[in-house]
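Chain residues, written in single-letter form:
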Amino acid sequence: MSDRRLIAAAAALLAALPATGWACRCTEPSPQRALHDAQGVALGQIVSVETGAQGTTRFIFSVERSWKQSLPSQIAVEDSAVCPLGPVAGARYVLFLHQPKSGGFETAKCRGDVAEDRAQATLHVLDSATGK
Amino acid sequence: MVSINIPSAGHTGPAANSGWQWLPYTDADFLATLHRAMHVIDSKIKGYQPCNAAFQTLPRGRSFAQVWNDPTVWISFDPKNDGHNYGATLGQEVTITRFSLRMGLWTTAATLVHELAHVNGADGFSHAAEGTLRSCLLQGLEDPTIVGSIDNVARGQAFV
């Protein structure tokens, strides 16, 4: 088989493969909107990250401060499969948490989550809005 | 051309995932907006060489026209109307939000091009998908903050 035909065959094979990717188009909400939409908000650190069999990502988050509801010192958080935050162990975040009917906590990109080193305005909004 | 998920198409989109839905279009106004956006893409963007070239640099390597002409790519509807979610993609399955459709044909067209870049392999953490708008006659619709470009810079600075 000539190189050109080999390349064409490889390209056809690649195009025929089912895509398994996910992604979304979104912008981050204002901290006020994120606070309104979340069931709880937490400042702390991502302790560990594990990927499940279905490609889902779950991480353990060490909670240092919380708003809207009192949270335990460690919580398990499910990352969105479609619009993932992409957690990294050791990262410090303000997380806007949602609680699905199935229980637990979940988050996603475009829910207002912000790295702590960029969270000054968000923390101000959280403290002002909740009287802390 | 890509296929539209309408009830008569008999297509079943993916199950709801992470709050996103892939539903058939049942609202005539939203379907009309989608058709207008698709007409702009079909008549102005599909044959635009820089757009095709930009798509060929994405991981799956197909030109924009090749992706656009693929009837196994489905466009569905998501009722989200929250002001900051435009659309999502799972494999070959694209969904466009009510919010995006309410913003009109240009926002819908930009969201379609962005999501088709994901169909062509653009990842969800970089600005690659949104960046194709610059090459696809939709530069005015490009949002520099969309999906991760700024977040990734910050993440890199914090954890490298």
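Residues numbered from 1 in each chain as written. Chains lettered and ligands numbered in written order. Predicted model: local features only at pLDDT ≥ 70, side-chain atom pairs only at ≥ 80, totals over all residues. Heavy atoms only, no water.

Let's talk about the overall build of chain A
At step 1: Helix and strand counts for chain A stand at three helices and seven strands.
At step 2: Taken from N to C terminus, the helices and strands of chain A fall in the order α-β-α-β-β-β-β-β-β-α.
At step 3: Looking at the 132 residues of chain A, the share that counts as buried comes to 42%.
At step 4: Carbon and sulfur atoms provide 54% of the accessible area of chain A, an area that totals close to 6,900 Å². (Helix = DSSP H or I, 4+ residues; strand = E, 2+ residues; numbered from the N terminus. Buried < 20%, exposed > 50% of the residue type's maximum accessible area, 1.4 Å probe, protein only. Areas by Shrake-Rupley, 256 points an atom, 1.4 Å probe, with all protein chains shown as cover.)

Quick notes on the confidence of the model for chain A
Residue and element names in this part refer to chain A.
At step 1: Averaged over chain A, the pLDDT score is 85; the fraction of residues at 70 or greater is 82%.
At step 2: Taking the mean pLDDT of every element in chain A, the minimum, 47, falls on helix H1 (residues 3–16) and the maximum, 98, on strand S5 (residues 92–97).
At step 3: Low pLDDT, under 50, characterises residues 9–20; the predicted model gives this stretch 11 contacts beyond four residues in sequence or across chains. (pLDDT = per-residue confidence, 0-100. Contact = heavy atoms within 4.5 Å.)

Here we look at the packing of aromatic side chains
Residues and elements named next belong to chain B.
At step 1: On inspection of all chains with the given rule, the structure shows six aromatic pairs over all chains.
At step 2: Between Phe-30 and Phe-77, the aromatic rings sit 5.6 Å apart at their centres with planes inclined by 25°, giving stacked as the arrangement. With Phe-30 in helix H1 (residues 28–45) and Phe-77 in strand S2 (residues 74–78), this pair connects stretches of sequence that are 47 residues apart.
At step 3: Phe-77 sits in the buried class, given a relative accessible area of 10%.
At step 4: Note on Phe-64 and Trp-68: the rings are 5.9 Å apart at their centroids and 20° apart in plane angle, and the pair reads as stacked. With Phe-64 and Trp-68 both in helix H3 (residues 64–68), this residue pair falls four residues apart, about one helical turn.
At step 5: The rings of Tyr-25, Phe-30 and Phe-77 are connected pair by pair, giving a single aromatic cluster. (Phe/Tyr/Trp six-rings, centres within 6.5 Å; stacked < 30°, edge-to-face > 60°.)

Observations concerning the nonpolar core
At step 1: With 34 residues, the main nonpolar core has Tyr-25, Leu-34, Phe-55, Phe-64 and Leu-116 of chain B as its most contacted residues.
At step 2: For this core, the secondary structure elements donating two or more residues are H1, helix H2 (49–56), H3, S2, strand S4 (93–97), helix H5 (105–119) and helix H6 (128–135) of chain B.
At step 3: Apart from the residues lying within four places of it in its own chain, the contact partners of Phe-55 of chain B are Gly-61, Arg-62, Ser-63, Phe-64, Val-67, Val-113, Leu-116, Ala-117, Asn-120, Thr-132 and Cys-136 of chain B.
At step 4: Listed in part, the 14 residues of the second largest apolar core include Ile-46, Phe-59, Tyr-93 and Leu-97 of chain A. (Core = buried A, V, L, I, M, F, W, Y, C linked by side-chain atoms within 4.5 Å.)

A closer look at the sheet that holds strand S7 (residues 114–115) of chain A
All names here are of chain A.
At step 1: The six strands are arranged S6-S4-S3-S2-S5-S7 in an open sheet whose pairing can be described as mixed. Bordering the open sheet on either side are strand S6 (105–107) and S7, each of which pairs with just one other strand.
At step 2: Relative to strand S3 (residues 57–67), strand S2 (residues 40–51) runs antiparallel, the two sharing 10 bridges. Bridge pairing in S3 links Gln-45 to Ser-62. (Pairing = 2+ DSSP bridges.)

Quick word on the environment of Cys-110 of chain A
At step 1: As for its placement among the helices and strands, Cys-110 of chain A is situated in the loop between S6 and S7.
At step 2: In this structure the C-alpha to C-alpha distance between Cys-110 of chain A and Thr-130 of chain A, which are 20 residues apart in sequence, comes to 22 Å.
At step 3: With residues up to four places along the chain from it excluded, the contact list for Cys-110 of chain A reads Cys-26, Thr-27, Glu-28 and Pro-29 of chain A together with His-84 and Asn-85 of chain B.

What to know about the sheet that holds strand S1 (residues 3–4) of chain B
At step 1: Taken in spatial order, the five strands line up as S1(A)-S3(B)-S4(B)-S2(B)-S1(B) in an open sheet, and their pairing is mixed. At either margin of the open sheet sits one strand with a lone partner, and together these are strand S1 (22–26) of chain A together with S1 of chain B.
At step 2: Pairing between S2 of chain B and S4 of chain B: five bridges, direction parallel. Bridging across to S4 of chain B, Ile-75 of chain B finds its partner in Val-94 of chain B.

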